[in-house]
Amino acid sequence: MTGVLAGRRVLVTRERPGELATMLEALGAEVIHIPLIRVVDATDGELDRHLARLGEFDWLVVTSVAGAQRVAEAVARTPGVRVAVVGTATATAVRDQAGRAADLVPQRQNAIGLLEALSVAAATPQRFLLAQGDRAADTLQAGLRRLGHDVTVVMAYRTELQPPPPDIAERADALVLASGSAAAAWAAAVGGDPPPTPPIVVSIGPTTTAVAEESGLKVTATATDHSLSGLVAILRTAFGVPQSEGTSG
């Protein structure tokens, strides 16, 4: 039995292939996992200092699995703080490592979707601790402050670029971009003007597409459903595979 993407080689640049790779492999794609970013602990001690007083905040906002891993112990010992995460993978990390469910997971799994969900869940000014990576955009902190919230931002981890093999773009049929940081990392890691890519480049949403285009990448298609499922769906469309076709044949 072969999937509808059998024979297609798809580049995944996340640190861990995870759910996205599982979904692609279920459709028969050959996933080429090229992590462009290595996550390392922040060394300034600020994260530990803020987590030690986590109970002073109304909300902890976590925007990645790497962030969830680094705050899980504090979350487990602070049941009074509400936890908002950017998506299901981060929610799973919180549940598995902190032993509790996230209080808020947006339907649209990106920074804008999380901000919109928080604008409803936190209708009055509240105190937020935002734990994120050093390369994260200021979308959440700026948006929460515009809504009148008291926002403290702390670096949960640092990221370091890892250049891929020089011919990697030629060895794949498609590149999937699940975040703006992935798009920027690809452009920075591979170099070139424009940076080389496989024939098809798909993005999880307009924010990621904007970053990709600013970085010199040409995006073939952008998902309208800003989730991993939407990303896989737009990849199928870019390959000319109807959504009605099953996952095996």
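All figures in this text were calculated on a predicted structure; none of them were measured in a lab. (Residues numbered from 1 in each chain as written. Predicted model: local features only at pLDDT ≥ 70, side-chain atom pairs only at ≥ 80, totals over all residues. Heavy atoms only, no water.)

Q: Please explain the overall build of the protein as it appears in this structure.
A: A count of helices and strands for the protein gives nine helices and 10 strands. Against the 2.2 N^0.38 benchmark of 18 Å for 249 residues, the protein shows a C-alpha radius of gyration of 19 Å, consistent with a compact globule. By the burial criterion, 48% of the 249 residues in the protein qualify as buried. Considering only contacts in the protein between residues 6 or more positions apart, those separated by 24 or more positions represent 60%. For the protein, the exposed surface amounts to about 11300 Å²; the carbon and sulfur share of it is 49%. Averaging the locations of the 21 positively and 26 negatively charged side chains of the protein gives two centres separated by 2 Å. (Helix = DSSP H or I, 4+ residues; strand = E, 2+ residues; numbered from the N terminus. Rg over C-alpha atoms; globule rule 2.2 N^0.38 Å. Buried < 20%, exposed > 50% of the residue type's maximum accessible area, 1.4 Å probe, protein only. Contact = heavy atoms within 4.5 Å. Areas by Shrake-Rupley, 256 points an atom, 1.4 Å probe, with all protein chains shown as cover. Lys, Arg positive; Asp, Glu negative; His and termini not counted. Charge placed at Lys NZ, Arg CZ, Asp CG, Glu CD.)

Q: What's the story with the packing of aromatic side chains in this structure? I'm lost.
A: In this description, a pair of aromatic rings is defined by centroid distance and the angle of the planes. Tallying each qualifying case throughout the model produces one aromatic pair. Measuring from ring centre to ring centre gives 6.0 Å for Trp-59 and Phe-128, while their planes differ by 5°; the resulting arrangement is stacked. Residue Trp-59 is found in strand S4 (residues 59–62), and its partner Phe-128 is found in strand S6 (residues 127–133); the two are separated by 69 residues along the sequence. Given the relative accessible area of 0%, Trp-59 is considered buried. With a relative accessible area of 0%, Phe-128 lands in the buried category. If you follow Arg-127 out to its NZ or CZ, it ends over the ring of Phe-57, 4.9 Å from the centre. (Phe/Tyr/Trp six-rings, centres within 6.5 Å; stacked < 30°, edge-to-face > 60°. Lys NZ or Arg CZ within 6 Å of the ring centre and 35° of its normal.)

Q: Explain the sheet that holds strand S2 (residues 30–33) here, please?
A: Sheet strands associate in pairs through backbone hydrogen bonding, adopting either a parallel or an antiparallel arrangement. Strand order in the open sheet formed by five strands is S2-S1-S8-S9-S10, with parallel pairing between adjacent strands. Across the chains shown, the open sheet's two edge strands, defined by having one partner strand only, are S2 and strand S10 (221–222). (Pairing = 2+ DSSP bridges.)

Q: Even after reading the chapter, I still don't get helix H1 (residues 18–26), so can you show me in this structure?
A: Three- or four-residue spacings in an α-helix give side chains the same orientation, since the helix completes a turn every 3.6 residues. For H1, every residue scored as buried is listed here: Leu-20, Ala-21 and Leu-24. Down the axis of H1, the buried set is contained in an arc of 95°. They therefore lie on one face. The elements touched by buried residues of H1 are strand S1 (9–12), S2, strand S8 (174–177) and helix H9 (228–238). Residue Gly-28 follows H1 closely and has a positive phi angle near 95°. (Arc of directions from axis to C-beta.)

Q: Can you walk me through the environment of Leu-217 in this structure?
A: Looking at the secondary structure, you find Leu-217 in the loop between helix H8 (206–214) and S10. For Leu-217, a relative accessible area of 4% corresponds to the buried category. Taking the C-alpha atoms as reference, Leu-217 lies 11 Å from Gly-191; in sequence the two are 26 residues apart. In contact with Leu-217, other than residues within four places in its own chain, are Leu-177, Ala-183, Trp-186, Ala-187, Pro-195, Thr-197 and Ala-212.

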